[in-house]
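Fold and geometry: a report
So you can see what is in the structure, the chains are spelled out below.
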Amino acid sequence: MSYTVEVDIGGTFTDFFAEQDGGRFAITKSPTTHYDLSVGFMRGLRELAKDFNLPLKKFMNGCESIRYCTTLGTNALIERTGPKLGLITTAGFEDTIAIGRGRSWADGLFGHETKNLARIQKPEPLISRDMIVGLRERIDSFGNVIMPLKRDDVLDNLQRLMENGAMGYVVCLMWSCYNPVHEAMVKQIIEEEYPEDYLGSMPVFLSHSISPKMGEYTRFTTTTVNAYIHSVMGEELTRLIWELKDNGYSQPLALVQNVGGMKKVTRTRAILTYNAGPVAGLHGSRYIGGMYGMDNLIFTDMGGTSYDIGVVSDGQIKTYDFIPVIDRWRTNIPAIEVKSIGAGGGSIAWINTLFGDRLEVGPQSAGSMPGPACYDQGGSEPTVTDADLVLGYLNPDNYLGGKMQLKKELAEKAIREKIADPLGIDVVEAAARIRRIIDAKMGQEVFNEVVLKGYDPREFVLLACGGAGPCHALDIAPYLEIKKVIMSPFSPVFGAFGASTVDVMQVFDRTRTIKLFQYATQAYTEDYEAFNSVVRELKDLALRDLKMEGSSEAEIQFVLELEMRYGMQYNYTKLESPHLEIGSLQDVKDICDAFGETYARTYSPEAAFPQGGIQVENFFLKASVSTRHLELSPAEGAGRKTPGAARKETRPVYFVDLGRFVDTGIYVFEDLMPGDVIPGPAVIEARETTGVINPGWRFTLDPYGQGLLEPAGDRPGEVVAEDPARKLS
């Protein structure tokens, strides 16, 4: 037998998904070990091996691949554990990172933090001012060399950086995105002066290779962030790879990237691993939607620390971050947009005394250590998980499949001391308010995310993912007027599951301004070569890269995406080009029409202004190679059954809309059969998550093993039978 394993590291838990050749799968969760991520990584692999009744070494021997969504780079930025770097730039631009943008002080901060203007400070640059030097050289905005670079100037400044202890070099020269000749010369001089066999040999990062796009501030920060986390990730991943090999794994380790694909560790840029887990989850949503022919889906993932939101429309993932922020730094990587807010099971409830003793929830999180108060690991702050336990949603003896015992008395104590007593209410009311606030916060964010992209949330299906997602989904759905929610068996580890659905893929981008429709002449361009030469340049890079990955040219599929705008608008609109290259006037019109349609859907048709000109600003060539994915087959002979065999007990559960406890049936997800229908109120306990079925909703397990949640009575002529074992109290 062969196996594939996917791993997604979160702030609270590390998630694992494994598939056995033939369709059998296993999932597990392990507390994230922030002091050494490999500890939690290996612990989870041992649990997977146990699920397949194998010793670890035999399980690893049979592993075809391991795909990893890592947070190593994020942790290095948060903890500021990166190396001392030297920045080489054009003379006069040494303070670009320190000066930043007009609102760089707000980048990466939560909304409530930006309101406290008196205490906000700009982020401390990753490279100190004494480690930044300027070269007397200049290339203009058309790529022409105005002032040639001199070797002696490079050597003098290089010596200064070496004496100050540089452990790597970041080279960001003006307009290198149009002409990289001077950056290439700097690297050549450094390598000649300090060849690989010298101890002074250090890695060199060129901005035109990492971020070949216009905009010096984001180009500088993108290259700097990549260089800063590069060596930390390299060292940690090397140790992990050796540990995997010692335990029998013989294949390359693959890293999932935020551009929507995966690559071998040796072929991955460090910065592209940021936020890879949520992006993988978004791809998993598209995969699940494809099984049902559902084109419009909202991916939501409620973990312990954050709540991730992504949108699939018309069966495609179309939205990219305009300016992705990593930690406190704006970048220009071509990352898929997945919005994250500080809302999760570990979100801390607190009283904001500045606004009249107002109850707030998040964005601060208790994390995995010490975690919520009920974990009994030293945490004393009340969290969403504590509230869910007090309200009866969670089973203290069956949390994470019984791997962790929860202490309800500690949850009650934390809520009473920190929330209930100060507000003059009882513990249950305080817990209900915590839940109501966090659900409203998430519902509002989802609504905003969908509507601001130009869509109607009522036309979408909600995927309830993450360990806490199915517990809260039906209290979020009313804010969106959504009529269908999916609770997948993969929900608690959906980022890891989603990693199994991504292909080998890389994005190659370039800034080039091509005016497809001239405002002065009101005519389409006839200079097709200007457009095609950029595409061919990117295609050559893609072929070289993926051939080194081990793929043949026949396997590689290309998709061209463009960032376009009317005239001199500030914002760009990204779209998939209907043509890889242009060879006729009709091809040019097709691209302009596609841009107009995308723009109109986002900003309304009235906002379009083609008379101002239409131009391409950035090219993105996606090169991908398909890989084998999990194939879910419907169960044969599935029909409607009664779920009585899966029902194990009843317990009082507090439903916020009813304002009281209800004796509620408790079901075991793994004991359900396809066709089983459970009317609400009910609680479904899965191995790694808990699903809550509100009154007025019903749960149906479909032939694919997915749980479909819909309002009761939606089917024509259907009469919903009352559960005789359910009593209202």
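Fair warning: this is a prediction, and the values are worked out from it, not measured in the lab.

**Overview of the overall build of the chain**
From N to C terminus, the chain includes 17 helices and 34 strands. Put simply, the chain has 729 residues, and 57% of those count as buried. Across the chain, the fraction of contacts at a sequence separation of at least 24, relative to all contacts at a separation of at least 6, is 68%. Taken as a whole, the chain presents about 29900 Å² of accessible surface, with 51% of it coming from carbon and sulfur. In the chain, which carries 74 positive and 97 negative side-chain charges, the distance between the mean positions of the two groups comes to 2 Å.

**Some words on helix H16 (residues 528–548)**
In a regular helix each residue adds 1.5 Å, so 21 residues correspond to 30 Å; H16 covers 31 Å between its end C-alpha atoms and thus fits that length. Taken together, the buried positions of H16 are occupied by Phe-531, Asn-532, Val-534, Val-535, Leu-538, Ala-542, Leu-543, Asp-545 and Leu-546. Contacts from the buried residues of H16 go to strand S12 (262–264), strand S22 (504–518), strand S24 (557–566), helix H17 (585–603) and strand S26 (614–625). Just downstream of H16, Gly-550 is the residue with a positive phi angle, here 105°.

**Notes on the environment of Val-559**
Here Val-559 is to be found in strand S24. Under the relative-accessibility criterion, Val-559 is labelled partly exposed at 28%. For the pair formed by Val-559 and Gly-168, sequence separation is 391 residues and the distance between their alpha carbons is 35 Å. Each residue touching Val-559, except ones within four places of it in the same chain, is listed here: Glu-576, Phe-620, Leu-621 and Lys-622.

**Considerations on the UniProt feature "domain: Hydantoinase A/oxoprolinase" (unreviewed entry) in the chain**
UniProt's feature table lists "domain: Hydantoinase A/oxoprolinase" (unreviewed entry) at residues 219–505, given in the numbering used throughout. Taken end to end, residues 219–505 has its terminal C-alpha atoms 22 Å apart, with 39% of it in helix and 17% in strand.

**Digging into the sheet that holds strand S9 (residues 169–172)**
Spatial strand order, S6-S5-S9-S10: four strands in an open sheet with parallel pairing. The sheet terminates laterally at strand S6 (132–135) and strand S10 (204–206), the two strands that pair on one side only. With strand direction ignored, the average angle separating the axes of adjacent strands in the sheet is 20°. In the sheet, strand S5 (residues 86–90) pairs with S9 via four bridges, with the strands oriented parallel. The partner of Leu-87 across the bridge, within S9, is Val-170. Against the sheet, helix H6 (residues 151–163) contacts S5, S6 and S9, and its axis sits at roughly 175° relative to S6.

**Describing unusual backbone geometry**
Residue Pro-363 is bonded to the preceding Gly-362 through a cis peptide linkage, with omega at 0°. The topology assignment puts Pro-363 in strand S19 (residues 358–365). Each neighbour pair has its own omega, and for Gly-680 with Pro-681 the value is 5°, a cis peptide bond. Relative to the assigned elements, Pro-681 resides in the loop between strand S29 (677–679) and strand S30 (682–685).

**Re the side chain of Thr-664**
Note on placement: Thr-664 falls in strand S28 (residues 660–668). Setting aside anything within four residues of it in sequence, one finds Thr-664 in contact with Glu-649, Thr-650, Arg-651, Val-653, Phe-655, Pro-681, Ala-682 and Val-683.

**Structural notes on the pairing of strand S32 (residues 697–701)**
Within S32, five of the five residues are buried, which leaves it mostly tucked inside the rest of the structure. A two-sided burial pattern is seen for S32, the buried positions comprising Trp-697, Phe-699 and Leu-701 on one face and Arg-698 and Thr-700 on the other. Bridge analysis of S29 against S32 gives three bridges, and the strand direction is antiparallel. What sits directly across from Ile-678, in S32, is Phe-699.

**Some details on the domain arrangement of the chain**
In terms of domains, the chain is made up of domain 1 (3–76 + 234–273), domain 2 (80–232), domain 3 (504–625) and domain 4 (647–711). In this assembly, nine residues from domain 1 lie in contact with eight residues from domain 3. In terms of surface lost to domain 3, no three residues of domain 1 exceed Val-259, Lys-263 and Arg-267, which account for 59% of the buried area on that side. At the junction of domain 1 and domain 3, the tally comes to two salt bridges.

**Focus on the packing of aromatic side chains**
Across all of its chains, the model carries 26 aromatic pairs by this definition. Ring plane angle 25° and centroid distance 5.9 Å describe the contact between Phe-17 and Phe-25, whose orientation is recorded as stacked. Here Phe-17 falls in the buried class, since its relative accessible area comes to 0%. Members of the aromatic cluster, connected to one another through ring pairs, are Phe-17, Phe-25, Tyr-287, Phe-299, Phe-490, Phe-494 and Phe-497. Sitting over the face of the ring of Tyr-320, Lys-574 holds its NZ or CZ atom 3.6 Å from the ring centroid.

**Some thoughts on the nonpolar core**
Within the largest apolar cluster, 77 residues are counted, with the highest numbers of intra-cluster contacts made by Leu-45, Phe-59, Tyr-68 and Leu-244. Discounting chain neighbours no more than four positions away, the residues touching Leu-45 are Val-5, Phe-16, Leu-56, Phe-59, Met-60 and Leu-244.

About the criteria used
- Residues numbered from 1 in each chain as written.
- Predicted model: local features only at pLDDT ≥ 70, side-chain atom pairs only at ≥ 80, totals over all residues.
- Heavy atoms only, no water.
- Helix = DSSP H or I, 4+ residues; strand = E, 2+ residues; numbered from the N terminus.
- Buried < 20%, exposed > 50% of the residue type's maximum accessible area, 1.4 Å probe, protein only.
- Contact = heavy atoms within 4.5 Å.
- Areas by Shrake-Rupley, 256 points an atom, 1.4 Å probe, with all protein chains shown as cover.
- Lys, Arg positive; Asp, Glu negative; His and termini not counted.
- Charge placed at Lys NZ, Arg CZ, Asp CG, Glu CD.
- Expected span 1.5 Å × (residues − 1).
- UniProt positions renumbered as here; feature names shortened; annotations may be inferred.
- Pairing = 2+ DSSP bridges.
- Axes fitted to C-alpha atoms, helices over the stretch in contact; angles between N-to-C directions.
- Domains from an automatic or database assignment.
- Buried area = accessible area lost by both parts, 1.4 Å probe.
- Salt bridge = Lys/Arg side-chain N within 4 Å of Asp/Glu carboxyl O.
- Phe/Tyr/Trp six-rings, centres within 6.5 Å; stacked < 30°, edge-to-face > 60°.
- Lys NZ or Arg CZ within 6 Å of the ring centre and 35° of its normal.
- Core = buried A, V, L, I, M, F, W, Y, C linked by side-chain atoms within 4.5 Å.

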